[in-house]
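The residues making up each chain are set out below.
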Amino acid sequence: MTDTVVVLGAGYAGAGAIQQLEEELSGTADIVWISNTDYHLVLHESHRCIRNPEVQESIKIPIEEIKSSGTTFIEDEVVGMDVDDRVIELAESDPVEYDYTLVALGSQTAYYGIPGLEEQSLTLKSLDEALTIHERVKEAAENATRSDPAHVVVGGAGLSGIQTAGEVAEFRDIHNAPIEISLVEALEEIFPSGSDGIQQALREELEDAGVEILTNDPITEADESTIHFDDRDPVEYDVFVWTGGITGRDALESADVEKEHNRVNAESTFETSDERVFAIGDSAIIDQGQMPAPPTAQAAWQAAEVAGKNIARAIENRPLKTWTHKDKGTVISIGEDAVASDVMFMPIETFGSVPAQTLKKFIAARWIADLTSWSRAKEAWSDL
């Protein structure tokens with residue numbers, strides 16, 4: 001009988017793995033792709049929609065432009081996975097049986113049990129959420145005055161938080177809007193995983209953009225208008241965006257595989273505790289020795305090719321390949337500006353200005369081109 005391979009999710013990991021599976025299996029297996037959206041979102045550019053919603057047309061790639069005609073696509077939400085019966089449970093469609101499945105559902109926002117945080121904050125994990133932030137910022141600005149400006153607070157100063165604050169600042173400048181922006185981080189410095197050099201460069205860019213930076217004090221509670229801290233005086237807000245952490249999807253809660261906070265434990269081959277289940281991207285905690293692979297678009301992009309090959313190898317009873325994450329550097333945008341650090345083959349450790357801006361655009365364009373064509377990437381260039 002022909003094996004059925006089911007891929008869950010249309011993020012970087014899922015979209016990349018689909019194309020590799022199609023190449024490896026070449027009609028020898030049935031491939032089913034399941035996602036709750038009929039497009040792939042270039043998520044690391046979704047913050048651009050906070051400034052300009054029209055950007056969405058450049059960073060939404062229809063599923064039909066990615067997959068081959070032989071792959072079956074189901075637009076539905078995954079709500080559960082029964083590994084004993086090898087069945088994927090969906091919100092509205094009939095359950096889907098599998099012989100092998102690749103879990104690439106991505107992550108959802110973590111709130112760490114902080115009272116009011118989930119109820120009061122906006123998040124940035126999807127296109128709809130980016131567009132909601134835009135509308136809320138726009139509405140707050142329209143109801144504000146120079147003497148009583150709107151206050152936008154972004155919680156969490158990692159990659160998403162920094163880029164969100166930068167886009168709000170860009171929106172403010174384009175529309176000459178009465179907006180104040182604060183970026184809040186519980187740890188001592190912004191972008192805590194970065195080097196001293198990139199932390200300083202990012203701080204300077206944010207401060208030049210008029211973003212107030214509040215560090216070294218955790219949020220303890222949020223209500224409908226105020227954020228409370230451990231030590232600092234409460235801060236009032238009109239729009240509150242939380243980007244402070246990730247956890248696994250609720251759909252994986254009942255799945256009988258080893259996991260932590262609904263993120264599936266996976267070997268460097270993407271194998272899990274169930275031999276028919278592979279996991280990749282933010283959905284997984286992928287063993288890389290001392291530290292797991294980072295939950296980044298870069299890591300998911302790199303891993304997708306090997307994951308696709310390994311599922312084909314598993315079907316054929318061949319040895320699996322081991323994947324090792326290679327950090328190719330970090331590029332972060334602050335509005336139209338950008339900062340890059342530890343980029344492979346670059347002689348300067350940390351740099352900004354036009355070289356960093358161009359590199360940021362090229363990374364996104366390269367991904368779009370890999371999934372579709374350089375023609376589509378060229379059309380998207382001005383929005384990236």
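Residues numbered from 1 in each chain as written. Predicted model: local features only at pLDDT ≥ 70, side-chain atom pairs only at ≥ 80, totals over all residues. Heavy atoms only, no water.

Digging into the UniProt feature "domain: FAD/NAD(P)-binding" (unreviewed entry) in the protein chain
Next, step 1: In this structure's numbering, the residues bearing the UniProt feature "domain: FAD/NAD(P)-binding" (unreviewed entry) are residues 4-304.
Next, step 2: Within residues 4-304, the helical portion is 27% and the strand portion 27%, while the C-alpha atoms at the span's ends are 18 Å from each other. (UniProt positions renumbered as here; feature names shortened; annotations may be inferred. Helix = DSSP H or I, 4+ residues; strand = E, 2+ residues; numbered from the N terminus.)

Let's talk about the sheet that holds strand E16 (residues 235-236)
Next, step 1: The sheet built from three strands is open, its strands ordered E14-E15-E16 with antiparallel pairing. For this open sheet the edge positions go to strand E14 (219-222) and E16, each flanked by a neighbour on one side alone.
Next, step 2: Note that E14 and strand E15 (residues 226-229) share three bridges and pair antiparallel. Residue pairing in the sheet places Ile219 in a bridge with Phe229 of E15. (Pairing = 2+ DSSP bridges.)

Focus: the pairing of strand E20 (residues 263-266)
Next, step 1: In terms of strand pairing, strand E19 (residues 259-260) meets E20 through two bridges, oriented antiparallel. Paired with Glu260 across the bridge in E20 is Arg263.
Next, step 2: Taken together, E19 and the strand that follows it, E20, pair antiparallel across an intervening segment of two residues, in which His261 is found at a positive phi of about 50 degrees.

Side note on the packing of helix H1 (residues 12-25) against helix H9 (residues 353-371)
Next, step 1: Between H1 and H9, the least distance of the axes is 10 Å, while the angle of their chain directions is 40 degrees. Comparing the axis directions of H1 and H9 gives the class oblique. Two secondary-structure elements touch here, H1 through Tyr12, Ala15, Gly16 and Gln19 and H9 through Trp367, Asp370 and Leu371.
Next, step 2: Partitioned by chemical class, the residues of the contact of H1 with H9 number four nonpolar, two polar and one charged. (Axes fitted to C-alpha atoms, helices over the stretch in contact; angles between N-to-C directions. Parallel < 35°, antiparallel > 145°, perpendicular 65-115°, else oblique. Contact = heavy atoms within 4.5 Å. Nonpolar A, V, L, I, M, F, W, Y, C, P; charged D, E, K, R; others polar.)

A short note on the packing of aromatic side chains
Both the distance between ring centres and the angle between the ring planes are used here to describe each pair of aromatic rings.
Next, step 1: For the coordinates displayed, the defined rule picks out six aromatic pairs.
Next, step 2: The interplanar angle of 80 degrees and the centroid separation of 6.0 Å between the aromatic rings of Trp33 and Phe73 together place this pair among those described as edge-to-face. A residue pair is termed long-range when its members are at least 10 positions apart, and Trp33 in strand E2 (residues 30-35) and Phe73 in strand E5 (residues 72-75) qualify at 40 residues.
Next, step 3: The exposure class assigned to Trp33 is buried, which follows from its relative accessible area of 0%.
Next, step 4: Here a set of aromatic residues connected by ring pairs shows up, and it is made of Tyr12, Trp301 and Trp367. (Phe/Tyr/Trp six-rings, centres within 6.5 Å; stacked < 30°, edge-to-face > 60°. Buried < 20%, exposed > 50% of the residue type's maximum accessible area, 1.4 Å probe, protein only.)

Details of the environment of Lys360
Next, step 1: Looking at the secondary structure, you find Lys360 in helix H9.
Next, step 2: Judged by relative accessible area, Lys360 falls into the buried class, the value being 4%.
Next, step 3: For the pair Lys360 and Asp337, spaced 23 residues apart in sequence, the C-alpha separation works out to 9.6 Å.
Next, step 4: Sequence-distant contacts of Lys360, defined by excluding residues within four places in its chain, comprise His44, Glu45, His47, Arg48, Gln163, Val331, Ile332 and Ser333.

Side note on unusual backbone geometry
Next, step 1: One non-glycine residue, Ser26, lies in positive phi territory at about 45 degrees.
Next, step 2: Here Ser26 shows up in the loop between H1 and E2.
Next, step 3: Positioned with a positive phi, Tyr112 is a non-glycine residue whose angle comes to about 55 degrees.
Next, step 4: In this fold, Tyr112 is placed in the loop between strand E10 (108-109) and helix H4 (117-120).

Details of helix H7 (residues 196-208)
Next, step 1: For H7, with 13 residues, the first-to-last C-alpha span of 18 Å sits near the 18 Å given by 1.5 Å per residue.
Next, step 2: For H7, the complete set of buried residues consists of Ile198, Gln199, Ala201, Leu202, Arg203, Glu205 and Leu206.
Next, step 3: Contacts made by the buried residues of H7 are with helix H6 (159-175), strand E12 (179-184), strand E13 (211-214), strand E23 (330-334), strand E24 (337-341) and strand E25 (350-352).
Next, step 4: Phi for Gly210, located one or two positions after H7, is positive at around 80 degrees. (Expected span 1.5 Å × (residues − 1).)

Re the nonpolar core
Next, step 1: Counting 111 residues, the largest nonpolar core has Ile34 and Ile88 as the members making the most contacts within it.
Next, step 2: For this core, the element with the most residues is helix H8 (residues 297-315), which contributes nine residues.
Next, step 3: Dropping the residues within four chain positions of it, Ile34 is found in contact with Val6, Val7, Leu8, Gly9, Phe73, Ile74, Asp76, Val78, Ile88, Leu90 and Val96.
Next, step 4: Grouped together as the second largest cluster of nonpolar side chains are 14 residues, Ile114, Ile227, Phe229 and Trp242 included. (Core = buried A, V, L, I, M, F, W, Y, C linked by side-chain atoms within 4.5 Å.)

Structural notes on the sheet that holds E19
Next, step 1: Here three strands make up an open sheet; going across it, the order is E19-E20-E22 and the pairing mixed. Each having just a single partner strand, E19 and strand E22 (284-286) make up the two edges of the open sheet.
Next, step 2: Here E20 runs beside E22; their pairing, made up of three bridges, is parallel. Bridged to Val264 within E22 is Ala284.

Points about the environment of Lys125
Next, step 1: Tracing the backbone shows Lys125 in the loop between H4 and helix H5 (127-142).
Next, step 2: Here Lys125 falls in the partly exposed class, since its relative accessible area comes to 23%.
Next, step 3: Between the alpha carbons of Lys125 and His44 there is a distance of 9.6 Å; along the sequence they are 81 residues apart.
Next, step 4: Apart from residues no more than four positions distant in its own chain, Lys125 is found in contact with Leu43, Ser107, Gln108, Thr109, Ile246 and Asp282.
Next, step 5: Here the side chain of Lys125 touches Ser107 through a polar contact of 2.9 Å, side chain to side chain. (Polar contact = N/O pair within 3.5 Å; in protein donor to acceptor, adjacent residues only side chain to side chain.)

Digging into H1
Next, step 1: Between the first and last C-alpha of H1 there are 20 Å, a value that for 14 residues agrees with the 20 Å anticipated at 1.5 Å per step.
Next, step 2: Most of H1 sits out of view: eleven of its 14 residues are buried.
Next, step 3: For H1, the full list of buried residues reads Tyr12, Ala13, Gly14, Ala15, Gly16, Ala17, Ile18, Gln20, Leu21, Glu22 and Leu25.
Next, step 4: As for H1, its buried residues are in contact with strand E1 (4-8), E2, strand E3 (39-41), strand E9 (100-103), H8 and H9.

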